[in-house]
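# Examining the three-dimensional arrangement
Each chain, letter by letter, is given below.
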Amino acid sequence: MSQERDNTMKFQVNHNNKTFMREALEEAKKAYAENEVPVGAVVVYKNRIIAKAYNQKLKSNDFRAHAEVIALNKAQKVIGDWRLNDCDLYVNLEPCVMCAGAILETRIKNVYFGLREVKQGSIVSKLNVLDADLPHKVKYFGGILENESKSLITNFFKKIRKTT
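What this report covers is the structure whose coordinates are included nearby. (Residues numbered from 1 in each chain as written. Predicted model: local features only at pLDDT ≥ 70, side-chain atom pairs only at ≥ 80, totals over all residues. Heavy atoms only, no water.)

## Considering the overall build of the chain
Each helix and strand in the chain was counted, giving five helices and five strands. The order of helices and strands in the chain, counted from the N terminus, is α-β-β-α-α-β-α-β-β-α. A globule of 164 residues ought to have a C-alpha radius of gyration of about 15 Å, and the chain, at 15 Å, matches this closely. Along the first, second and third principal axes, the C-alpha set of the chain runs to 45 × 35 × 30 Å. Out of the 164 residues belonging to the chain, those deemed buried represent 47%. On the chain, roughly 8900 Å² of surface is accessible, and the fraction owed to carbon and sulfur atoms is 50%. Averaged over its 27 positive side-chain charges, the chain has a centre that lies 4 Å from the centre of its 19 negative ones. (Helix = DSSP H or I, 4+ residues; strand = E, 2+ residues; numbered from the N terminus. Rg over C-alpha atoms; globule rule 2.2 N^0.38 Å. Buried < 20%, exposed > 50% of the residue type's maximum accessible area, 1.4 Å probe, protein only. Areas by Shrake-Rupley, 256 points an atom, 1.4 Å probe, with all protein chains shown as cover. Lys, Arg positive; Asp, Glu negative; His and termini not counted. Charge placed at Lys NZ, Arg CZ, Asp CG, Glu CD.)

## Overview of helix α5 (residues 146–163)
The end-to-end C-alpha separation of α5 is 26 Å, in line with the 26 Å expected for 18 residues at 1.5 Å each. Here α5 has its buried residues at S149, L152, I153 and F156. Burial along α5 is one-sided: seen end-on, the buried residues are contained in an arc of 90°. Residues of α5 that are exposed and point more than 90 degrees away from the buried face comprise N147, R161 and K162. Each element contacted by the buried residues of α5 is listed here: α1 (15–33), β3 (87–93) and β4 (110–115). (Expected span 1.5 Å × (residues − 1). Arc of directions from axis to C-beta. Contact = heavy atoms within 4.5 Å.)

## Here's the deal with the packing of α1 against α5
Where α1 contacts α5, the two axes come as close as 11 Å, and the packing angle between them is 0°. The angle between α1 and α5 falls in the class roughly parallel. For the pair α1 and α5, contact is made by L25, A28, K29 and Y32 and by E148, S149, L152, N155, F156 and K159, respectively. (Axes fitted to C-alpha atoms, helices over the stretch in contact; angles between N-to-C directions. Parallel < 35°, antiparallel > 145°, perpendicular 65-115°, else oblique.)

## Observations regarding the sheet that holds strand β5 (residues 139–142)
With respect to topology, five strands assemble into an open sheet ordered β2-β1-β3-β4-β5, the strand pairing being mixed. With partners counted over all chains shown, the strands left at the sheet margins are β2 (48–54) and β5, one partner each. Going from strand to strand, the sheet's axes swing by 15° on average, the running direction of each strand aside. One ladder, built from five bridges, connects β3 with β4; its direction is parallel. Note that in β4 the partner of D88 across the bridge is N110. Contacts from α5 reach β3 and β4 within the one sheet, and its direction differs from that of β4 by about 60°. (Pairing = 2+ DSSP bridges.)

## A word on the packing of helix α3 (residues 67–79) against helix α4 (residues 97–106)
Running from amino to carboxyl end, α3 crosses α4 at an angle of 20°, the nearest separation of the two axes being 9 Å. Classified by the angle their axes make, α3 and α4 are roughly parallel. Read as a crossing pair, α3 and α4 show a hand that is left-handed. Contacts between α3 and α4 involve E68, V69, L72 and Q76 from the former and M98, C99, A102, I103 and T106 from the latter. Looking at the contact of α3 with α4 residue by residue, the classes come out as six nonpolar, two polar and one charged. (Left-handed = near helix turned anticlockwise from the far one by under 90°. Nonpolar A, V, L, I, M, F, W, Y, C, P; charged D, E, K, R; others polar.)

## Quick notes on α3
Helix length check: α3 (13 residues) gives 18 Å between terminal C-alpha atoms against 18 Å at 1.5 Å per residue, within 8%. Regarding α3, the residues found buried are A67, E68, V69, I70, A71, L72, A75 and Q76. For α3, the secondary structure elements touched by its buried residues are β1 (40–45), β2, β3 and α4. After α3 finishes, the residue G80 shows a positive phi value of roughly 85°.

This is the structure in structure tokens:
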């Protein structure tokens, strides 16, 4: 089922959406504290968080160390399968093309994100990877705690610009 870009922001945010996004934001704050781009992700299975992660590209010197990829890898270990069919992913910033591909490959059911990523976002902003004509379809929803995500990202880049 394809979704219009403008519809990503139009859904009823419930208590669980906010709770899980707050957990993603807590992970993002860990990245911030380590001078990593503040992105955090959590994977939810049966209404319970089974994996958490934050960006660690600088720390690990690995381009793949995005919060989403790390969280998906952890969740696969918990589930015991590479398929995460009944899992949802919460991330405070719209995923990039690499992470959107990982979301498709792991068969995530739903993606919830906070803030659109206008430069590299690959769900609704620059590309629409999840709506590609592929066998697995992922539903996506944006705008959850958007202001909190925006504030964290904005403050991080202000801090980085001051130190460089």
